[in-house]
Each structure stands twice: as structure tokens, then as C-alpha cells.
Amino acid sequence: MDNSIYLFAAFSITWSIIFIYIFRLFRSQKALDYQIYEIKKTLQRNIELDDSHS
Amino acid sequence: MLLALYTIFIYAPVEKTMGVIQKIFYIHVPSAFLAYLAFFITFIASIFYLYRKDSKWDTVAHCAVETGVIFCTIVLVTGPIWAKPVWNVWWTWDPRLTTTLILWFTYIAYLMLRRAVKENQRANLSAVFGIIGFINVPITFFSIRLWRTIHPVIITSRGLNMSGPMKFSLIITFIAFCFLFFSLLLSRIRLERLKMRFAEINEIMDEMNFKK
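Residues numbered from 1 in each chain as written. Chains lettered and ligands numbered in written order. Predicted model: local features only at pLDDT ≥ 70, side-chain atom pairs only at ≥ 80, totals over all residues.

A tally of regular secondary structure across chain A gives one helix and zero strands. Against the 2.2 N^0.38 benchmark of 10 Å for 54 residues, chain A shows a C-alpha radius of gyration of 24 Å, more extended than a compact globule. For the C-alpha atoms alone, the extent of chain A along its principal axes is close to 85 × 5 × 5 Å. The buried share of chain A, taken over its 54 residues, is 9%. (Helix = DSSP H or I, 4+ residues; strand = E, 2+ residues; numbered from the N terminus. Rg over C-alpha atoms; globule rule 2.2 N^0.38 Å. Buried ≥ 20, exposed ≤ 12 C-beta atoms within 10 Å, placed from the backbone.)

Further remarks concern the interface of chain B and chain A. Taken together, the contact pairs 26 residues of chain B with 21 residues of chain A. When residues of the side of chain B that touches chain A are traced back to their parent elements, those giving at least two are α3 (55-87) and α7 (164-207) of chain B. Residue composition of the side of chain B that touches chain A, grouped by class: 16 nonpolar, four polar and six charged. (Contact = placed C-beta atoms within 7 Å. Nonpolar A, V, L, I, M, F, W, Y, C, P; charged D, E, K, R; others polar.)

Moving on, we get to unusual backbone geometry. Residue and element names in this part refer to chain B. Residue Lys53 is not a glycine yet carries a positive backbone phi of 55 degrees. Among the structural elements, Lys53 can be located in the loop between α2 (25-52) and α3. According to the C-beta neighbour criterion, Lys53 is exposed, with 12 such atoms within 10 Å. At Asn88, a residue that is not glycine, the phi angle is positive and equals roughly 70 degrees. By the element assignment, Asn88 lies in the loop between α3 and α4 (95-116).

The next thing to look at is α2 of chain B. For α2 of chain B, which comprises 28 residues, the first-to-last C-alpha distance of 40 Å matches the rise-based estimate of 40 Å (1.5 Å per residue) to within 8%. In the segment just after α2 of chain B, Lys53 of chain B is the residue with positive phi, at about 55 degrees. (Expected span 1.5 Å × (residues − 1).)

Here it is, written out as C-alpha cells:
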């Protein structure tokens, strides 16, 4: 009885679940990096505005 | 992980009655134990949160549930794939299978609850849910001893019920899965803490009327 197809399915689905989760974590990290970059830009703009007023 | 794959596919012998399909066992069993471990971490972190009211314990509990659900999903997917050629059915309402499915739904409900409730109630309600929900874990673990079941019993009073090379392969796979589990859990906790810090910075910026 050759059940290799079931074995292949089980391993590929397991690794797919793990990789999808890792990819989701990676995407969240990227989104956060972008938001930090936006904050940095906002802060810099505000500092420059303050400097020009004073 | 490569060593684990080597032991699963090359070192471990092919089981006589089930054949090559039995190798699913090496990912099915460690995933189940790590799901239990994740829910145990949630249980402990929830108690600590209610005791100390420190948000870091709430973060640990939440992240452990998420990681646990991933591993519980692996158990629920690999189980039926293994059952089909061996039991000739994808699913049967066996005590172990049913309790595992209930366990999965319980922690999916935990994650849904966190999204549904307001922020000021979220941590408290989640902690209570994390403690009560853990009742399912020992029920699931002991279900094969408490009720009549067709699910095989691996851990007996005499230890692991299998041959030497199989035992060795299981231990190696278990260690590899532990590394994977803790790296996923720690990455998730770090990400959640970063999100919280970022939200705090945003609040401060709003209070200071920064022009965005």
C-alpha cells in the first residue's frame, strides 16, 4: 500500500502553515518599520518648523 | 530541523503495519505537545497578569495562544491525513479528536474575544478566558485514558511505546520543533511589544499636537 501522497500532503501542509505564519509576522514587522519611518519624518518636520519659528 | 528531517525520512524505520504514512507521527506528536505547552504558558501568564496587572503578561498570554493555535492546527490537519489510509475515514468523533477540536475552537474564541472587546476590558477578560480555557488541555491529554478510543496511546507507564530508532527520531524532531516554537513565540512577543510602544508614541504625539 503506497501512502506517500498522504505523507507528502501532511508535510507540505505543515510547512505551508508555518511559512504563512512567518510571512505574516514578517509583513507586520515591515508595516511597523514603515510606521516608525513615518513618525521619524513627522518629528523631523516638526523640529524644522519649530526652528524656523524661533 | 535538517537533522530532524534526516532522522524522519532516512534513519527511522518504516512501520510494519501502517507503512510510510506512520512518519506523520513525527510531526503530529511534537505539534500536539507544543500546543499544550503554549496553552500552559497562556494559563500561567494569565494568572500572573491577574495577580500583578502587568501588561507584559497579557502580551505573553496572547502570543502563546496564537503560536499554540498554529501548532494545534497542524495537529488537526495531519491527524485526518494520517487517519484516512489507516482508519479509512478522514474524521471520526473519537474522544481525542473531538476534545482536540474543542480545544482549537476554545483558543480561536480567545483570539476572537480579544478583537471584539474594548481595550480597557481586553486584558482582564482574556486572562480569565486563558485560565478557564486551560481546563480543556488535561481533558484532551487524558481523553485516551478516560474514555474508550481508537487513538493510539504513545506514552504509557513504561515510557514511550516504540522501537529505539523511532524513539530517537521523535526526540530529535521534538527538539527541532521546540526551537521552532520558541523562536516563533519570542518573535511574536517582540513584535507585539513593538506595536504597543508604537501606540504609546502615537498617543504622546497626539497629546503634543504634532502635525502629521
